[in-house]
Amino acid sequence: MAIEKKKIIIVGCGPGAEDYITPAARAAAGKADVLIVSKRLHDLFPEIAAERIDSGTDIAGTLETIASRRDAGRQVVLLATGDPGIASLAQPVIRRFGRENCEVIPGISSIQVAFARLGLDWKDVRIVTAHSRDPELAAADLREAGKLAILGGRDGAIRWAAGLIPQLGKDRRVFLCEDLTLPGEKIREIRAGELAGLPVSTRAIILVIRGELLS
Ligand SMILES: C[S@@+](CC[C@H](N)C(=O)[O-])C[C@H]1O[C@@H](n2cnc3c(N)ncnc32)[C@H](O)[C@@H]1O
């Protein structure tokens, strides 16, 4: 008898705190025979007795692992931080297995939380992903954006942002948002010049906002 292959479920788990995991995410994770998790999410859902596989940095290897478990008829659930729609393994998985074979459960993004904390909307934000490598973007590509959210969390990303921000114009205000939703959450306004030397959490977003948007 042919083995039925189940849809891969990709679950957004929020920025870190339990309170920010939606009931839908929890229910979806609970279906797992196999949980694909990053180190950061390893301890989430301790009550789920699924096989846990570290997603690590080897994307091709992770896709092969997912394929083998799925071929065996097991329910694979991939956990993503925040929302799977931003800088997660969701797109490589969807490209490889097809939209029809995947289900995405949205989560609360760290970017949403950062904007909520400042009381700003984020409909026109330009998101810059610098968390794994320096973006191939120049100041000219970003000057038009009134709101930038730079995903940091890496010393190189902080250095990159510190070099970029002064080139955007004098009217920008900079907010460093660290460990959002977690007990050590810290949000502070800093001067662009301060950024380069600051020790920054591995969970950090730099918001760069045109001053008039904050008045
Ligand atoms: C691989 S990206 C994933 C983003 C995620 N999909 C989201 O929607 O939040 C990881 C980056 O998200 C940001 N991040 C995730 N959790 C965070 C938190 N609790 N506080 C601040 N930034 C966070 C950091 O910039 C980190 O380097």
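Residues numbered from 1 in each chain as written. Predicted model: local features only at pLDDT ≥ 70, side-chain atom pairs only at ≥ 80, totals over all residues.

Surrounding the ligand, one finds 25 residues, the nearest of these being Gly 82, Ser 109, Ser 110, His 131 and Gly 153. Only α4 (110-118), β8 (172-178) and β10 (204-210) provide two or more residues apiece to the shell around the ligand. In the shell around the ligand, the residues fall into 11 nonpolar, 10 polar and 4 charged. Residue-level mapping places the shell around the ligand at the junction of two domains, with at least three residues from each of domain 1 (8-105) and domain 2 (110-214). (Near = placed C-beta within 6 Å. Helix = DSSP H or I, 4+ residues; strand = E, 2+ residues; numbered from the N terminus. Nonpolar A, V, L, I, M, F, W, Y, C, P; charged D, E, K, R; others polar. Domains from an automatic or database assignment.)

Attention now goes to the environment of Ala 204. On the secondary structure map, Ala 204 appears in strand β10. Its 24 C-beta neighbours within 10 Å are what place Ala 204 among the buried residues. For the pair Ala 204 and Glu 178, spaced 26 residues apart in sequence, the C-alpha separation works out to 4.4 Å. Discounting residues that sit within four places of it in the chain, Ala 204 has contacts with Gly 152, Gly 153, Leu 176, Cys 177 and Glu 178. (Buried ≥ 20, exposed ≤ 12 C-beta atoms within 10 Å, placed from the backbone. Contact = placed C-beta atoms within 7 Å.)

What follows is about the nonpolar core. Soluble globular proteins tend to pack their nonpolar side chains together in the buried interior. Among the nonpolar cores identified, the biggest contains 58 residues, and Val 11, Leu 78, Leu 79, Ile 150, Ala 161 and Ile 205 are the most heavily contacted of them. With 6 residues, the top contributor of residues to this core is β10. The residue makeup of this core includes at least three contributed by each of domain 1 (8-105) and domain 2 (110-214). Ignoring sequence-local partners within four residues, the contact set of Leu 78 consists of Ile 8, Ile 10, Val 11, Ile 36, Leu 89 and Val 93. (Core = buried A, V, L, I, M, F, W, Y, C linked by C-beta atoms within 7 Å.)

Looking now at the domain arrangement of the chain. What the domain assignment reports for the chain is domain 1 (8-105) and domain 2 (110-214). The straight-line distance from the C-alpha centre of domain 1 to that of domain 2 is 27 Å. Each partner contributes residues to the interface: domain 1 has 8 residues there, and domain 2 has 11 residues. Residues belonging to the side of domain 1 that touches domain 2 are distributed by class as follows: 5 nonpolar, 3 polar and no charged.

We now examine the sheet that holds strand β9 (residues 186-190). What links the strands of a sheet is backbone hydrogen bonding, and the strands pair in either a parallel or an antiparallel sense. Spatially, the 5 strands line up as an open sheet ordered β6-β7-β10-β8-β9, and their pairing is mixed. At either end of the open sheet lies a strand with only one pairing partner, and these are β6 (126-129) and β9. The average undirected angle you get between the axes of adjacent strands in this sheet is 20 degrees. Bridge count for β8 against β9 is 5 bridges, and the pairing is antiparallel. Paired with Phe 175 across the bridge in β9 is Glu 189. On the sheet, α4 packs against β6, β7 (147-151), β8, β9 and β10 and is oriented at approximately 50 degrees with respect to β10. (Pairing = 2+ DSSP bridges. Axes fitted to C-alpha atoms, helices over the stretch in contact; angles between N-to-C directions.)

Position of Ser 201 relative to the elements: it lies in the loop between α7 (192-195) and β10. Taking the C-alpha atoms as reference, Ser 201 lies 26 Å from Lys 170; in sequence the two are 31 residues apart. Not counting chain neighbours up to four residues away, the residues in contact with Ser 201 comprise Glu 178 and Asp 179.

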